[in-house]
Amino acid sequence: MWRRVSLVILGGLLLVPLGAAQAQGLKGEYFLGRNFTGAPVLTRTEIVNFNWGAASPDSATPPVVPVDNFCVRWTGSITAPESGSYIFSTNTDDGVRLMLAGEWIIENWGDHSATVNNTLPIELEAGKTYGIRLEFYENGGDAVMELSWTPPGGTSQAIPADVLNPTYVLPVQARKPDPANGAVGVMLPALQWMPGEGGFMHSVYVGTNPSLTDADLMSARQIATMYFHFPATMTPGMTYYWRVDEIEKDGVTTHVGDVWSFTMQALTAYLPTPADGSNEVSPSPVLTWLTGADAVGHHVYFGSSRDAVAQGAAETDKGEPNFIDPNFAPGALDTLTTYYWRVDELLADGTVRTGDIWSFTTCILVDDFESYTDDVGNRVFQVWIDGWGFTEPAPGNPGNGTGAMVGYDPLSGSIMEKTAVHGGLQSMPLDYNNVNQPWYSEAQREFASAENWTVSDANTLVLYVRGMTANATAPLYIAIEDASRRAAVVVHPDPAAVKSSRWIHWKIPLSEFTGINLAAVKKLCIGIGDRKATAAGGAGRLFIDDVCVTRPAPAGQ
Ligand SMILES: [Ca+2]
Ligand SMILES: [Ca+2]
Ligand SMILES: [Ca+2]
């Protein structure tokens, strides 16, 4: 199928980030035997992607490394190009073990034919450097040693040379926080961590603001790797931030830690989703929350009147949903309307802990990208038209002639992105390729009947956009067309927005779309580049999620 061809082209472009650093790699040391004894007989810097077959790793004549019974240690560091989850993989014949930031993440140290080992997803932070150590041995027969990764929103590939450096970096920061970073429902604030290499003393900061200050220093230069924050000082339901600074034996050298967070369990229901006061809520939401301490049941009140919910009026009484997986689906709601809800926690002795009153305001949902599947007739690029269009179902669509491509190749698995997601379980991949004319890329959605975005105080178009650091810089824009085919374009103020590896929450006042009739919106275009471009640009990949039109939430709630 021809949609696939464009992916191949774009994939090639993406592999060569503009301005890539000089090719580097890991330091490889080759030893005789399988125990890393003696001095290495061969040392070189390389990326680890070898299928030696029955031959020696060394191309010299005669080779200094034999064809069998040798081992290799690669050391160096890896700098994450973007923040997110990475899966590391090895394919080896024979044994392998891989250490990242001081932790063994792959261990398969035995004789075997070519075998793939994958890690679980590992969170890395953009621009941060992690020490890496890879060990391998070959006993007999064929020899294979391939190291690869799957970066956030990407596909499995050899780890590129420009993120590898042959200098090892010790993991000097405190790591492995317990409670895990972002943990909720924490009952006992016993904070533990793994010390950094060379960390001898530990200074522990705990506070309620992520920017921890000297006032948050709870324990200075302690020796133990555990700190018990006295529970009486913790507020139920509150989110706490903490950090451990590692101090070396010299008493001076300090390695400031990352800031971690956890949320204490509350007495009443807490951490509602949607968040209290949100105005970007789908008109068919599912409400969830976390269970208060000691509760054995929940009682939900829901309605469009704050007072009625506060009083527990009969028309707001929604009964007691499932206890274990607490959620409540109110059904189809009105758009651009504020709703109120409350969850009372029921205790075994009959006590009722009355919950806070939460509110949210529904939006006009343009697309949350949850409804698309891989089936013909329900594919995202049949709704969001790109440069390639589609052939099935007939009569198909020739596409809009731009360099955009929506969704992944249907032949290579899922069309939707399932990892780099803002809300729900899916987002829309949007590749742009401005190398060829017309030098800009657009995905466009045409509404079956014109939408009225002037009702009920609607005032903002909202969307979430995430890019990749390797993306070629290009303007990001939204174009809206009305039923009379008049168009208005708003360009994102950050010219490097497409390179952001974090979700951008883009809120555009509808008043910025001038000269069109917002009561009859016929088409929405997400564009990369410039509709009036006169020269070639670059390529990249974006993810789009949660596109909606909002009104302000009521004040003071
Ligand atoms: Ca061999
Ligand atoms: Ca072998
Ligand atoms: Ca989504």
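Residues numbered from 1 in each chain as written. Chains lettered and ligands numbered in written order. Predicted model: local features only at pLDDT ≥ 70, side-chain atom pairs only at ≥ 80, totals over all residues.

1. Some details on the overall build of the chain
For the chain, the helix and strand inventory stands at 2 helices and 41 strands. If you line up the chain on its principal axes, its C-alpha atoms span 85 × 65 × 40 Å. Out of the 557 residues in the chain, the part that is buried amounts to 38%. Partitioning the contacts of the chain with sequence separation of at least 6, the portion at a separation of at least 24 is 70%. (Helix = DSSP H or I, 4+ residues; strand = E, 2+ residues; numbered from the N terminus. Buried ≥ 20, exposed ≤ 12 C-beta atoms within 10 Å, placed from the backbone. Contact = placed C-beta atoms within 7 Å.)

2. What about the nonpolar core?
Counting residues in hydrophobic clusters, the biggest one holds 69 residues, and the most contacted among them are Trp 341, Val 380, Val 406, Met 428, Leu 430 and Ile 544. In this view, Val 406 contacts Val 380, Phe 381, Trp 384, Asp 386, Met 428, Leu 430 and Ala 443; residues no more than four positions away in its chain are not counted. Grouped together as the second largest cluster of nonpolar side chains are 29 residues, Leu 26, Ala 80, Leu 124 and Ile 159 included. (Core = buried A, V, L, I, M, F, W, Y, C linked by C-beta atoms within 7 Å.)

3. Topic: the domain arrangement of the chain
The domain boundaries assigned to the chain delineate domain 1 (20–165), domain 2 (175–264), domain 3 (273–362) and domain 4 (366–550). Averaged C-alpha coordinates put domain 2 and domain 4 at centres separated by 42 Å. (Domains from an automatic or database assignment.)

4. Examining the confidence of the model for the chain
Averaged over all residues, the pLDDT of the chain is 91; the fraction at 70 or higher stands at 95%. Ignoring residues within four places in sequence, the model shows residues 4–23, a span with pLDDT below 50, making 21 contacts including any to other chains. (pLDDT = per-residue confidence, 0-100.)

5. Overview of the sheet that holds strand 27 (residues 327–328)
The sheet built from 3 strands is open, its strands ordered 23-25-27 with antiparallel pairing. Edge positions in the sheet fall to strand 23 (270–273) and strand 27, since each has one partner strand and no second. Sheet topology note: the strand 23/strand 25 (residues 287–290) ladder contains 2 bridges and is antiparallel. The residue of strand 25 that forms the bridge with Tyr 270 is Leu 290. (Pairing = 2+ DSSP bridges.)

6. A word on the sheet that holds strand 38 (residues 487–491)
The strand order across the open sheet formed by 5 strands is 32-35-40-37-38, and the pairing between neighbours is antiparallel. Two strands bound the open sheet, and with one partner strand each, they are strand 32 (384–385) and strand 38. Examined bridge by bridge, strand 35 (residues 441–451) and strand 40 (residues 521–528) share 7 bridges and lie antiparallel to one another. Looking across to strand 40, one finds that Arg 445 is bridged to Leu 524.

7. Points about unusual backbone geometry
With an omega of 5°, the peptide bond between Asp 178 and Pro 179 qualifies as cis. Here Pro 179 is to be found in the loop between strand 14 (175–178) and strand 15 (183–186). Going from Thr 273 to Pro 274, the amide bond is cis rather than trans, its omega being 0°. Note that Pro 274 resides in the loop between strand 23 and strand 24 (278–281). In this structure, Asp 294 is a non-glycine residue whose phi angle is positive, near 70°.

8. A short note on the environment of Pro 66
Tracing the chain through its elements places Pro 66 in the loop between strand 3 (49–53) and strand 4 (70–79). Overall, Pro 66 belongs to the partly exposed group, with 16 C-beta atoms counted inside 10 Å. Taking the C-alpha atoms as reference points, Pro 66 and Met 201, separated by 135 residues in sequence, lie 46 Å from one another.

9. Topic: the pairing of strand 40
On a regular strand, each side chain points to the face opposite its neighbour's, so the side chains alternate between the two faces of the sheet. Burial analysis of strand 40 places 7 of its 8 residues in the buried class, the great majority of the element. Bridge analysis of strand 37 (residues 476–482) against strand 40 gives 7 bridges, and the strand direction is antiparallel. Bridge assignment links Ala 479 to a residue of strand 40, and that residue is Cys 525.

10. Quick look at the environment of Val 383
Take Val 383: it is sitting in the loop between strand 31 (364–367) and strand 32. For the pair Val 383 and Ala 443, spaced 60 residues apart in sequence, the C-alpha separation works out to 9.4 Å.

11. A look at the environment of Met 226
If you trace the backbone, Met 226 turns up in strand 19 (residues 226–228). Residue classification places Met 226 among the exposed residues on the basis of 12 C-beta atoms within 10 Å. Met 226 has contacts with Ala 190, Leu 191 and Gln 192, leaving out every residue within four places of it along the chain.

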